[in-house]
Amino acid sequence: MIYLKTDEEIELMRAANQLVGMTLGELAKHIAPGVTTLQLDKIAEEFIRDNGAVPAFLGYGGFPNSICASVNENVVHGIPSSKTILKDGDIISVDCGTILNGFVGDSAYTFCVGEVAPEVKKLLKTTKESLYFGIQHAIEGKRVGDISHAVQSYCESKNYSVVRELVGHGCGRKMHEEPEVPNYGRPGCGPLLRSGMCICIEPMINMGSKNVVFEKDGWTVRTKDRKCSAHFEHCIAIRPDGPQILSSFKFLEEVLGNNAI
């Protein structure tokens with residue numbers, strides 16, 4: 001069942017999502033060669049709690065940490081570890097969620113660590129651009145497939161591949177609500193977009209093959225060919241005057257400056 005949010009509920013969701021954006025901004029200050037993904041996790045948890053919220057991911061389905069930290073060929077759901085030490089040239093997707101005043105915020109960004117190869121930066125840039133192409137189609141009266149097709153067609157036009165096994169989702173009092181929002185599909189298909197729907201659009205795009213492997217830890221998903229993957233996510237609300245982005249990359253962009261994707 002798709003739950004339509006009131007104006008007041010959307011504002012509560014905006015607050016939760018803005019806190020996610022602030023958390024990503026705080027992490028942007030610390031992402032550098034030599035830092036472990038577990039250190040980033042501890043920074044995120046402390047920041048979220050200091051701002052009156054709780055980490056949405058911690059304990060969700062048994063997940064052991066407050067962020068998902070997925071490096072290079074890891075697509076999503078990477079478990080932070082003291083053994084995963086960032087090095088120059090890496091990329092890291094940080095997916096973060098908060099629960100504030102009973103509502104969930106959820107957003108993700110793929111960061112560069114030091115000097116990253118131009119072809120990898122191009123993957124990140126294309127993936128981020130596809131997110132906004134998808135958002136442009138998140139209009140009342142259209143369908144989920146219009147968003148999906150916009151993401152897929154743009155990325156495939158750049159010779160990248162779209163992960164099939166993992167999708168975006170509705171969001172609200174629960175982190176995963178209906179409808180599912182794939183990053184591939186046909187225009188004019190899927191659930192109707194209605195004002196009050198809140199959805200997370202999150203392209204997961206691979207440099208090589210679309211095929212992925214689910215690791216033995218029960219969480220981490222990586223590319224089968226071990227080529228890099230990028231992941232960007234915004235939570236948006238469908239409104240009569242067009243899509244509203246509830247989450248934000250503003251805070252991390254202020255930290256990264258010209259180094260932002």
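Structure report, in brief. (Residues numbered from 1 in each chain as written. Predicted model: local features only at pLDDT ≥ 70, side-chain atom pairs only at ≥ 80, totals over all residues. Heavy atoms only, no water.)

Looking now at helix 3 (residues 118-136). Compared with the 27 Å implied by 1.5 Å per residue over 19 residues, the 27 Å span of helix 3 between its first and last C-alpha is a close match. All of the buried residues along helix 3 are V120, L123, L124, T126, T127, K128, S130, L131, G134 and I135. (Helix = DSSP H or I, 4+ residues; strand = E, 2+ residues; numbered from the N terminus. Expected span 1.5 Å × (residues − 1). Buried < 20%, exposed > 50% of the residue type's maximum accessible area, 1.4 Å probe, protein only.)

Taking burial as the measure, the six residues of strand 14 (residues 234-239) include six buried ones, the bulk of the element. Burial along strand 14 is two-sided: the face carrying H234, I236 and I238 and the face carrying C235, A237 and R239 are both buried. The sheet contact formed by strand 9 (residues 198-201) and strand 14 spans four bridges and is antiparallel. Looking at strand 14, one finds that C200 is bridged to C235. With four bridges joining them, strand 14 and strand 15 (residues 242-245) adopt antiparallel strand pairing. Paired with A237 across the bridge in strand 15 is Q244. What sits between the antiparallel neighbours strand 14 and strand 15 is a turn of two residues. (Pairing = 2+ DSSP bridges.)

Turning next to the pattern of salt bridges. Under the criterion given, the structure shown has 12 salt bridges. K5 is paired through a salt bridge with E177; the nearest N and O atoms lie 2.7 Å apart. One end of the pair, K5, is in the segment before helix 1 (7-28); the other, E177, is in strand 8 (residues 177-181), with 172 residues separating them in the sequence. K5 gets classed as buried once you look at its relative accessible area, which sits at 6%. A salt bridge links E253 to K128; the nearest nitrogen and oxygen atoms lie 3.2 Å apart. Residue E253 is found in helix 5 (residues 250-256), and its partner K128 is found in helix 3; the two are separated by 125 residues along the sequence. (Salt bridge = Lys/Arg side-chain N within 4 Å of Asp/Glu carboxyl O.)

Now for the sheet that holds strand 10 (residues 204-206). In a beta sheet, neighbouring strands are held together by backbone hydrogen bonds and run either parallel or antiparallel to one another. Strand order in the open sheet made by the three strands is 6-10-13, with antiparallel pairing throughout. Strand pairing shows two members of the sheet lacking a second neighbour, strand 6 (161-162) and strand 13 (229-231), which therefore form its edges. When strand 10 meets strand 13, the two strands line up antiparallel, connected through three bridges. Each residue of the ladder has a partner; that of M204, found in strand 13, is H231. Along the sheet face, helix 3 touches strand 10 and strand 13 and points at about 35 degrees away from the line of strand 13. (Contact = heavy atoms within 4.5 Å. Axes fitted to C-alpha atoms, helices over the stretch in contact; angles between N-to-C directions.)

Relative to the elements of secondary structure, R239 occurs in strand 14. Taking the relative accessible area as the measure of exposure, R239 reaches 13% and is therefore buried.

Read from one edge of the open sheet, five strands run 8-7-9-14-15, paired in antiparallel fashion. Lying at the two open borders of the sheet, with one neighbouring strand each, are strand 8 and strand 15. Averaged over all pairs of adjacent strands, the angle between strand axes in this sheet comes to 30 degrees, irrespective of strand direction. Lying over the sheet, helix 1 contacts strand 9, strand 14 and strand 15, oriented at roughly 165 degrees with respect to strand 14.

Before going further, it helps to examine the packing of helix 3 against helix 4 (residues 144-157). One way to put it is that helix 3 packs onto helix 4 with a least axis distance of 8 Å and a crossing angle of 150 degrees. Accordingly, the angle class assigned to the pair helix 3 and helix 4 is roughly antiparallel. Two packed elements cross with a definite hand, and for helix 3 against helix 4 that hand is right-handed. Contacts between helix 3 and helix 4 pair T126, E129, S130, F133 and G134 from the former with I147, A150, V151, Y154 and C155 from the latter. Here the contact of helix 3 with helix 4 is composed, by residue class, of six nonpolar, three polar and one charged. (Parallel < 35°, antiparallel > 145°, perpendicular 65-115°, else oblique. Left-handed = near helix turned anticlockwise from the far one by under 90°. Nonpolar A, V, L, I, M, F, W, Y, C, P; charged D, E, K, R; others polar.)

On to the packing of aromatic side chains, then. All told, the structure shown has six aromatic pairs when counted by the stated rule. Between the aromatic rings of F232 and F249, the centroid separation amounts to 6.4 Å while the plane-to-plane angle is 70 degrees, which identifies the pairing as edge-to-face. One end of the pair, F232, is in the loop between strand 13 and strand 14; the other, F249, is in the loop between strand 15 and helix 5, with 17 residues separating them in the sequence. Taken as a pair, F232 and F249 share a single burial class, namely buried. Taken together, the ring pairs connect Y109, F111, F232 and F249 into an aromatic cluster. Positioned over the ring face of Y184 is R164, at 4.8 Å from the centre of the ring. (Phe/Tyr/Trp six-rings, centres within 6.5 Å; stacked < 30°, edge-to-face > 60°. Lys NZ or Arg CZ within 6 Å of the ring centre and 35° of its normal.)

Just geometry here; none of it tells us what the structure is for.
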